Amino acid sequence: MRKLVLTLLFAALIILGLTAVTNTALALSVTVSRTIDKSVIKPGEEFTVKLTYYPSSDVLGLVITEKIPIGFEVVSANPPYKLYKKDEGIIKWLFYGLKVESGEITYKVRVPKDVDLGTYRIEGLWEVASLTETISGTISSTTFEVKKAPSTISISVSPKQVYVDESVSVTGKIEPAHVNVKVTLKYMVNGKVKATKNLVTASDGSFTDVFTPSIGGAWSVVASWLGDYDHKGSTSKEAAFTVKKFSSTLTISVEAKEVNVGKELKITGKLQPPIANAKITLTYVKAGEVKITHTAITKADGTFTDTVIPDAGGIWKVKASWEGNEKYEASESGEVSFEAIEKRCIIATATYGSELAPQVQYLRGFREAIVYKTYAGSQFMKLFNTWYY
């Protein structure tokens, strides 16, 4: 009987022991979590990954495997890794002993400078073992974004107003500071790019330029840079400045104050300062406010000459003007008058007492502005003049 009891007790102990082993196997586990210190990372920048693990009490061995994007580089790890396959982006840590305690892993990763911008992910696996069992699982993936940081570029111009051929000073700066990077300045006048300059920044990211505009108008300058591996390029706001043109003057004179109708009269003038090949417009106004325009071209000394042959009697007026150019403002001369003498209209002169009477001038204007403008009127005047004079 005693032998039977001992046998049964031994069997019970065996059964209880197996049950304990089975319960231990079911409890075998580990919890692993991951954090990174940045969610947005620049090309060329480093970031830190932290793993925290909590194994169950019966874990005798633990393997943690991390997979980082290919091309990224692990620059340090604590504790040191047991295996690092750089070309595959795989890092492994191994922990073992009578009992694996909870702990932390930190490792630092460097992003390549020439990396494609976008979203990346770190993935991981774990594997634990006890005396009787081995199990494995995944670590939740962690995503992060690689993108360039923004930059700004500012610019200013001094003074805000100059004359043609005077210089302005342009200063600017890139933030954050970038040294020895190319900055492009575009100088524009009236909305069109007139000059482009390339500069290099100083150690504090600043740059300067001196520009001498050769034409007048509303100018502006804008600065830009293309960015680099870790910063986006940027473009400044336009900085405006005014370039004033120099003034100019026109003077004219007539060869004589009187000229017979049908005879030449010379008009001379001068543009100051002297400008060669400037186009001068001479506007003649005869009776009836009828206008005739001639064009003259200046010589090297700014002088010009025109010839007019009056085709109607009365007081004529002439004025010269030019549109200016890139350096000089437009200008207009004073008005000069002369009298064109024709055969007297005996009836009108006798009636109003003088050829220069306003009424006689009006009749001449009516003839020039209205009668001569029609075919019938012009034919009538030819016949009348032949008969009358």
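### Observations concerning the sheet that holds strand β1 (residues 30-36)
Phase 1: Pairing in this open sheet of 4 strands is antiparallel, and the strands run β1-β3-β8-β5 from one edge to the other. A single partner strand is all that each edge strand has here, and the edge strands are β1 and β5 (73-78). Averaged over all adjacent pairs, the angle separating strand axes in this sheet is 20°, with direction ignored.
Phase 2: Pairing analysis gives 5 bridges linking β5 to strand β8 (residues 103-110), with the strands arranged antiparallel. Looking at the pairing, Val-74 lines up with Val-109 of β8.

### Re the pairing of strand β7 (residues 90-96)
Phase 1: Pairing between strand β4 (residues 61-67) and β7: 7 bridges, direction antiparallel. The residue of β7 that forms the bridge with Gly-61 is Tyr-96.
Phase 2: Judged from the 3 bridges that link them, strand β6 (residues 83-85) and β7 form a sheet pairing that is antiparallel. Bridging from a neighbouring strand, Leu-83 pairs with Lys-92 of β7.

### What to know about the environment of Lys-160
Phase 1: Note that Lys-160 resides in the loop between β11 (152-158) and β12 (161-163).
Phase 2: When the C-alpha atoms of Lys-160 and Thr-242 are compared, they prove to be 6.2 Å apart, with 82 residues separating the residues in sequence.
Phase 3: In this view, Lys-160 contacts Ala-240, Phe-241 and Thr-242; residues no more than four positions away in its chain are not counted.

### What to know about the sheet that holds strand β13 (residues 168-175)
Phase 1: The antiparallel open sheet is built from 3 strands, whose spatial order is β11-β13-β16. At either end of the open sheet lies a strand with only one pairing partner, and these are β11 and β16 (206-211). Sheet twist, expressed as the average angle between the axes of neighbouring strands with direction ignored, equals 15°.
Phase 2: With 6 bridges joining them, β13 and β16 adopt antiparallel strand pairing. Its bridge partner being in β16, Gly-172 is matched across the sheet by Phe-207.

### Quick word on unusual backbone geometry
Phase 1: Geometrically, the link from Asn-78 to Pro-79 is a cis peptide bond, its omega value of 0° lying close to zero.
Phase 2: Here Pro-79 is to be found in the loop between β5 and β6.
Phase 3: In this structure, Asp-165 takes a positive phi of about 75° despite not being glycine.
Phase 4: With respect to the helices and strands, Asp-165 occurs in the loop between β12 and β13.
Phase 5: Positive phi is not limited to glycine here, since Asn-277 has a value of about 60°.

### A short note on the pairing of strand β20 (residues 249-254)
Consecutive residues of a regular strand have side chains that alternate between opposite faces of the sheet.
Phase 1: Side chains of β20 alternate between two faces, with Leu-250, Ile-252 and Val-254 buried and Thr-249, Thr-251 and Ser-253 left unburied.
Phase 2: Note: β20 against strand β22 (residues 265-272), 6 bridges, orientation antiparallel. When the bridges of β22 are listed, Ser-253 appears paired with Thr-268.

### Re the packing of aromatic side chains
Aromatic ring pairs are reported here in terms of the distance separating the ring centres and the angle at which the planes meet.
Phase 1: In the structure shown here, the tally under the stated rule is 13 aromatic pairs.
Phase 2: Here Phe-47 and Phe-144 contribute two aromatic rings whose centre-to-centre distance is 5.0 Å and whose plane-to-plane angle is 45°, an arrangement assigned as tilted. Here Phe-47, found in strand β3 (residues 46-55), pairs with Phe-144, found in strand β10 (residues 134-146); they are 97 residues apart in sequence, far enough to count as distant. Both residues of the pair, Phe-47 and Phe-144, count as buried.

### Quick look at the environment of Ala-223
Phase 1: In this fold, Ala-223 is placed in strand β17 (residues 217-227).
Phase 2: Along the backbone, Ala-223 and Val-183 are 40 residues apart, and their C-alpha atoms lie at a distance of 6.6 Å.
Phase 3: The residues touching Ala-223, leaving out its near neighbours within four places in the chain, are Ile-153, Ile-155, Val-183, Thr-184, Leu-185, Phe-207, Ser-234, Thr-235 and Ser-236.

### What to know about the confidence of the model for the protein
Phase 1: Mean pLDDT over the protein stands at 87; residues scoring 70 or higher make up 81%.
Phase 2: Scored below 50 in pLDDT, residues 1-26 shows 5 contacts in the model against residues more than four places distant or in partner chains.

### Remarks on the nonpolar core
Phase 1: The biggest cluster of nonpolar side chains holds 31 residues, and the ones touching the most others in it are Phe-47, Phe-72, Tyr-107 and Phe-144.
Phase 2: The set of elements that each furnish at least two residues to this core consists of β1, β3, β4, β7, β8, β9 (118-129) and β10.
Phase 3: Core analysis: the next-biggest nonpolar cluster, separate from the first, contains 24 residues, Tyr-187, Ile-215, Ala-223 and Phe-241 among them.

The rules behind each value
- Residues numbered from 1 in each chain as written.
- Predicted model: local features only at pLDDT ≥ 70, side-chain atom pairs only at ≥ 80, totals over all residues.
- Heavy atoms only, no water.
- Pairing = 2+ DSSP bridges.
- Helix = DSSP H or I, 4+ residues; strand = E, 2+ residues; numbered from the N terminus.
- Axes fitted to C-alpha atoms, helices over the stretch in contact; angles between N-to-C directions.
- Contact = heavy atoms within 4.5 Å.
- Buried < 20%, exposed > 50% of the residue type's maximum accessible area, 1.4 Å probe, protein only.
- Phe/Tyr/Trp six-rings, centres within 6.5 Å; stacked < 30°, edge-to-face > 60°.
- pLDDT = per-residue confidence, 0-100.
- Core = buried A, V, L, I, M, F, W, Y, C linked by side-chain atoms within 4.5 Å.

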